[in-house]
Amino acid sequence: MQKIQIKINNIPMEVAPGISVLAAARQAGIHIPTLCAHPDLTPWGACGLCVVKVEGMPKLPRACVTEVSANASYITHDPELNKIRRTIVEMILSNHPNDCLTCGRSGSCELQTLAANFSIREVPFQSNVPELPKDESTLSIVLDPRKCIKCGRCVLVCQELQDVWALEFIGRGDHTEMMPAGGALLSESPCIKCGQCSAHCPVGAIYERDDTKKLLDAILNPELHVAVQIAPAVRVAIGEAFGLPPGTITTGKIYGALRRLGVNAIFDTNFSADLTIMEEGTEFIERLTQNGILPLITSCCPSWVDYMEKYCADMIPHFSTAKSPMMMQGALTKTYYAEKKGIPREKIFSAAIMPCTSKKFEIVRDKDMYASGQQDVDLVLTTRELARLIKQSGIDFLALPDDESADSPIGAYTGAGTIFGATGGVMEAALRTGYFLVTGEEYEKITFEEVRGMEGIRTASLSIKGKELRVAIAHGIANVRDLLNEIRTAREEGKEPPYHFVEVMACRGGCIAGGGQPYNTTDAVRNARIAGMYADDAKSEIRCSHQNPFIEEVYREFLEKPGSHKAHVLLHTHYHPRPLYTR
Amino acid sequence: MAPNRLEELNRLREEKSMELHDPKGNDGEIEIRIGMGSSGIASGARDILRVLNDTLKDRGITKALIRQTGSLGLDYAEPTVEVRMHGMPDTIYGRVTPEVAQQIVDRHILGRELVCGHVFDRPAPDMVKEPNHAL
Amino acid sequence: MPYKNFCLVCSGNQCESGKSDEIYRELKRLVMDRRVSQEVQIVKTGCFGFCSKGPIVKVLPDETFYVEVDAEGARAIMDEHILGGKEVQRLMLKGEEHKKPSRFYQKQVRIALRNCGVINPGEISEYIGRDGYAALSMALFEMTPLEVIEELKKSGLRGRGGAGFPTWQKWKFTHDVKDKTDEVFIVCNADEGDPGAYMDRSILEGDPQSILEAMAIAGYACGSRMGYIYIRAEYPLAIERLYTAMDQAREHGLLGKNILDSGFDFDIEIRLGAGAFVCGEETALIASIEGERGMPRPRPPFPATRGLWGKPTVINNVETLASIPKIILRGGDWFAKIGTEKSKGTKVFALTGKISNSGLVEVPMGTTLREIIFDIGGGIPGGKAFKAVQTGGPSGGVITAEHLDTPIDYENLVALGSMMGSGGMIVMDEDDCIVDVTKFYLDFSVDESCGKCAPCRIGGRKMYNILDKITKGQGTLEDIQHLKALAVPMQKASLCGLGQAAPNPVLSTLRYFEAEYLAHIEDKRCPAGVCKALVTYTINPDLCIGCTVCSRKCPNNCITGKRKKPHVIDQECCIKCGICYEGCKFGAVEIA
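Definitions and cut-offs
- Numbers given for residues are sequential positions, taken from 1 along each chain in its written order.
- For this description, chains carry letters from A and ligands carry numbers from 1, given in the order in which they are written.
- At least 70 in pLDDT is required for a residue's local features to be given in this predicted model, at least 80 for side-chain atom pairs to be given and counted, and no such filter applies to totals for whole chains, interfaces and linings, which use all residues.
- The contact criterion used here is simple: two residues whose C-beta atoms, placed from the backbone, lie within 7 Å are in contact.
- Here a strand is any run of E in DSSP of at least two residues, a helix any run of H or I of at least four, and the numbering for each starts at the N terminus.
- Put simply, Ala, Val, Leu, Ile, Met, Phe, Trp, Tyr, Cys and Pro go in the nonpolar bin, Asp, Glu, Lys and Arg in the charged bin, and everything else, Gly too, in the polar bin.
- Expected span of a helix, by definition, is 1.5 Å for each gap between consecutive residues, and there is one gap fewer than residues.
- Around each residue's C-beta, the other C-beta atoms within 10 Å are counted; 20 or more make the residue buried, 12 or fewer make it exposed, and counts in between make it partly exposed. All C-beta atoms are placed from the backbone.
- Helix axes use the C-alpha atoms of the stretch in contact, all axes being lines fitted to C-alpha atoms, and the angles between their N-to-C directions lie in the range 0 to 180 degrees.
- Think of a nonpolar core as buried Ala, Val, Leu, Ile, Met, Phe, Trp, Tyr and Cys residues chained together by C-beta atoms that fall within 7 Å.
- A strand pair is defined by DSSP finding two or more bridges across the two strands.

1. Here's the deal with the interface of chain A and chain C
And step 1. Contacts between the two partners involve 26 residues from chain A and, on the opposite side, 26 residues from chain C.
And step 2. Tallying contributions element by element places helix H2 (residues 79-94) of chain A first for the side of chain A that touches chain C, with 6 residues.
And step 3. A per-class count over the side of chain A that touches chain C returns 12 nonpolar, 10 polar and 4 charged.

2. A word on the interface of chain B and chain C
And step 1. If you look at the interface, chain B gives 48 residues, while chain C gives 54 residues.
And step 2. The set of elements that each furnish at least two residues to the side of chain B that touches chain C consists of helix H1 (5-21), strand E1 (30-35), strand E2 (64-69), strand E5 (119-120) and helix H5 (126-129) of chain B.
And step 3. Top contributing element to the side of chain B that touches chain C by residue count: H1(B), with 9 residues.
And step 4. In terms of residue class, the side of chain B that touches chain C is built from 21 nonpolar, 15 polar and 12 charged.

3. Remarks on helix H16 (residues 434-448) of chain C
Since the α-helix turns once every 3.6 residues, residues separated by three or four places project in the same direction.
All names here are of chain C.
And step 1. Between its first and last C-alpha atoms H16 spans 21 Å; for 15 residues at 1.5 Å apiece the expected length is 21 Å, and the two agree.
And step 2. With 11 of its 15 residues buried, H16 lies for the most part within the structure.
And step 3. Along H16, the residues that are buried comprise Ile434, Val435, Val437, Thr438, Lys439, Tyr441, Leu442, Phe444, Ser445, Val446 and Glu448.

4. Let's talk about the packing of helix H17 (residues 454-471) of chain C against helix H20 (residues 504-521) of chain C
Between two packed helices, both the angle of their axes relative to each other and the distance between the axes serve to describe the pair.
All names here are of chain C.
And step 1. The contact between H17 and H20 brings their axes to 11 Å, and the two run at 35 degrees. Contact residues: H17 offers Met463, Ile470 and Thr471, while H20 offers Val506, Tyr517, His520 and Ile521.
And step 2. Taken together, the residues of the contact of H17 with H20 break down into 5 nonpolar, 2 polar and no charged.

5. What about the nonpolar core?
Residue and element names in this part refer to chain C.
And step 1. One finds Cys7, Val9, Val57, Met215, Ile217 and Val389 to be the most contacted residues of the largest nonpolar core, which totals 386 residues.
And step 2. Here this core takes 10 residues from helix H9 (residues 208-222), the largest share from any one element.
And step 3. When residues no more than four places from it in sequence are discounted, the contact partners of Val9 are Ser20, Ile23, Tyr24, Leu27, Ile42, Val43, Lys44, Thr45, Pro55 and Val57.
And step 4. Within the second largest apolar cluster, 12 residues are counted, among which are Cys580, Cys584, Ala588 and Val589.

6. What to know about the environment of Glu496(A)
And step 1. Along the chain, Glu496(A) turns up in the loop between helix H15 (480-492) and strand E16 (501-505).
And step 2. With 202 residues separating them along the chain, Glu496(A) and Leu294(A) place their C-alpha atoms 8.9 Å apart.

7. Observations concerning the sheet that holds strand E14 (residues 424-429) of chain C
Residue and element names in this part refer to chain C.
And step 1. Taking strand neighbours across the sheet as the criterion, the 5 strands line up as E11-E10-E14-E12-E13 in an open arrangement whose pairing is mixed. Each edge of the open sheet carries a strand with a single partner, namely strand E11 (359-364) and strand E13 (397-400). When strand polarity is set aside, the average angle formed by the axes of neighbouring strands in this sheet is 30 degrees.
And step 2. Judged from the 6 bridges that link them, strand E10 (residues 346-353) and E11 form a sheet pairing that is antiparallel. Across the sheet, the residue bridging to Ala350 is Leu360, located in E11.

8. What to know about the sheet that holds strand E2 (residues 11-15) of chain A
All names here are of chain A.
And step 1. As summarised here, the arrangement of the 4 strands in space is E2-E1-E4-E3, forming an open sheet in which the pairing is mixed. Only two strands of the sheet have a single partner each, and these edge strands are E2 and strand E3 (53-54).
And step 2. In this structure, E3 lies alongside strand E4 (residues 73-75), joined through 2 bridges in antiparallel fashion. For Lys53, the partnering residue across the bridge sits in E4 and is Ile75.

Rendered as structure tokens:
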């Protein structure tokens, strides 16, 4: 497209038409402050900080919602604009508790940064912080309305990206709150615990429930054998908390850090991702060959499962009964591993490091999550929590060696398990093994580029021995609706399903951009993390789940075969329709 | 060719225009307008309407047309009642109470005198007489 | 035998004090004396306005208007005019003696309100009989859409809802983009929300057909087939009458498919608002019609190009629309002759507050505030002094006595630090505390803020809190600086007009009444005696006769004293309710 000429701060530049003044300024290396605009969201102009001057225009438009126009001249910074912005920051601070020292966002708070940059040493206006209670009703996230600056990001994320509508603007004027409708608690609302609100909140008004102390207590307890698993997506993101670029693989460092924390056994969720492929793959082949209900839809993502149970229970028959890798790993830890080690299962404390806030809820989601007779996973910490734990324990993360490995027997994994963390990754892993399961032969190629990428919905079609296999991938729940409707229409009309296999991940980009990952996640960061994952996969010696020797071993020694009765008891679950509101 | 809707409209306008502009053309006809906007109703215009109806009936006056209109804008003087009849100046009464409403029938319509203390001025003199000539 | 003449003597509040009663008695005496009591009726009337020139006498049926009538003048009216048949020129308004029947002593010109109080709003034939739908017929059969817009352009009509944007331009923008999309919408903004403004309600209740006709004309001009009336649910009577009007218009082929067999389709639906003030802002109104939370959206894009459901949308206010059929019928030039250079036509104002004749008035642009308040409105009741008039509602400001002779138009009001707004005029007298009144307006804006953008949501509340502090005697000089500091980002960085204009009452009153603010802050005194925390009630022993009324009425039993001896208020105990002050018939309770 033809570029247009504009001037920013009297410096001529060429930009693509249609971009915002905010984006144009960034291209020119000028940072206009914002508290509400976020690259993931439609800008809507709430905070008022990004006002700029336009030559010939009496009013000050907001840079975030103003498209550049040809030959326009913009002033983004001058003493008057600075003063306006400073007063707005002061206003916001006067309605904010300003208890930075005990705030989870201290150091990563966008408001704190602005206050520091504007040299605000005291707030001139009378402080007015309403006494509102925290909503700690879910196991995943905490809402602290006192700290809310009403930027609206959480509501936009919840409605626009996730199509969940658990959060809404309630009340008006300075009584506006971001909360569930009807005064319901988050746990009584349609909330799917994805935590994207917490990942987008500029301040400490929405954050993951901090469970770090529970892990330390477990480690401190001499009675307990602490086994920790780490999820695929953690390894490409946690480095950001220590200054590494997004996508840097830090698997070895994470293992090392956990060992130094005093954890007894370190497993990798990638292993059970391989296991998931065996179970889910077998289920899929069964359905495909025995006229079962298709498409099969993945169920690794607990937020997606929660959404499905609440919003589209008619899809329950399509859901894979396979548990998520984390839950499989937990069940095996307290059965197979416990037996092998001769440790009573009640003495095992099973923890998981996850990129996800929803995983905190998944561990008690259903009675099936107690397959071992105990709670299969006792504790979930997010990537952010682990990063804090490492820092508070004085571990120099960057100095840790990269070559530490996980413990046997449920720690080793293939490249297929690694890529579970990216959108399309489960699909690609399944395809690598699916061909083998159907034909008994290895497929000619390992990678399936057609299922990779960041498009909201991606579809692909491949041929397995002359039979067409149609697959679809969606990420960001708002993208799912069209896909499901397509499936429903075909179902109602008695037509062949449009797809055989569908992968859904609740968060945009997949688990690598989960609600518990380091802050400031944008598409650039997502892409870097995904690239890191595929790079790790490419380096792997074994890249297909069914080739994992330890998977073979666990079936031989314990589970018999994929889809066996024992596997069903330990590794599969059930779904139930749930109401949107329980109040 | 059957008359089309535009012609119908124009004919209706002619008809109504005569009636609205000169209700006194027909001898003995009386037009009473009562302001039934929110402000009128809030100050009791419905009661006044009832009293006027009752009193006219009681006094055997049949040639009176009561027209319920919107507000004249004389909110300080609501409820308002306007009387137009042959031989009397068009008169707007304000702050009409049920008693005054009776007096309007008895004194103004029957007695041909103004009801003292309740006569109000027309907000704009030309609003009725010269609809096409606001200036 | 009916009366031949009626002699009306104005006995409104002001004239009463202006000796009109004396004139009434004199005229009564004269009819007896001249033996014409069977032919001439002397009538006391309600206020005629023009109170500054009272006493006023009007002689019917000649409609002669006499001002400043004294006893001698009364005799002249009786002898020269009523008996002699010759008007008394020297008592008539100067320069206008020969214009009869005088339409100049009354300042109103009714265009938007032309049918209000004249026709039955529930009867379409009466609207038709008053030239109703003649403009639509003319537009459909004799004009092109561009000619309609051209006529509006000539008229100079500007939006009556507040901002005063030229109506023709809105129509033109939409007309010009329309062929790029399939749909265009016409929206009537009937979400009237300024405190004290109710002209839109009155028009919808008194003349609903004029709005339907105007919307159809707009539809024809802009290429729209669908209109919405967005009206607040608090206007049930107006809604009912609109529904009736729409039914009748459809029956007569004036709404719906193939209007008047012209081939033009246009229909209208009503959308009810829940009464949020911000929904009068056009982008919030659009959001509300779409079923979203009524919060403003950034502009541009303007609704004229991207509005309701992303389609080009013309949004006009009720009063604006009400004038349009008349403009089309009589031509834009006719309308443009009325008013001032930049503000054409007439404007409806809602006069309220400390004013004798509260109500709706429609005057040509350029009429002075003095004419509206004193000549039409009858001035301040009770002989109190005029203090200021608030125009433009919560977005406007105050105008003081020194500017009463300013001709009203959009630009002049803005220059005075206020604005036209929707036309609310709230008159204040010496008993009104300017800080208290400002606090009232800010309270309104704070309460009605949608909460979306930080400057409005927080700034408004902070300003309110400061004003509250000042009225409680806890203000500091620094607070004035804070008020001014808060105003800047509110004006500059609020997303919509509500927040941008919310500081106006504060800035305007600070501009004209800073001394009154300082009295509250430095002297801890409320000059108007309104701010309870700053008021002390005392009993003047010289005036108190010891009737005990105050001590019996005091809800807190703070007043003591023996019967027939001066009473005393215990200041420690006094809750400043003011009941003793209002109850004392001897003026012995004083406010300091």
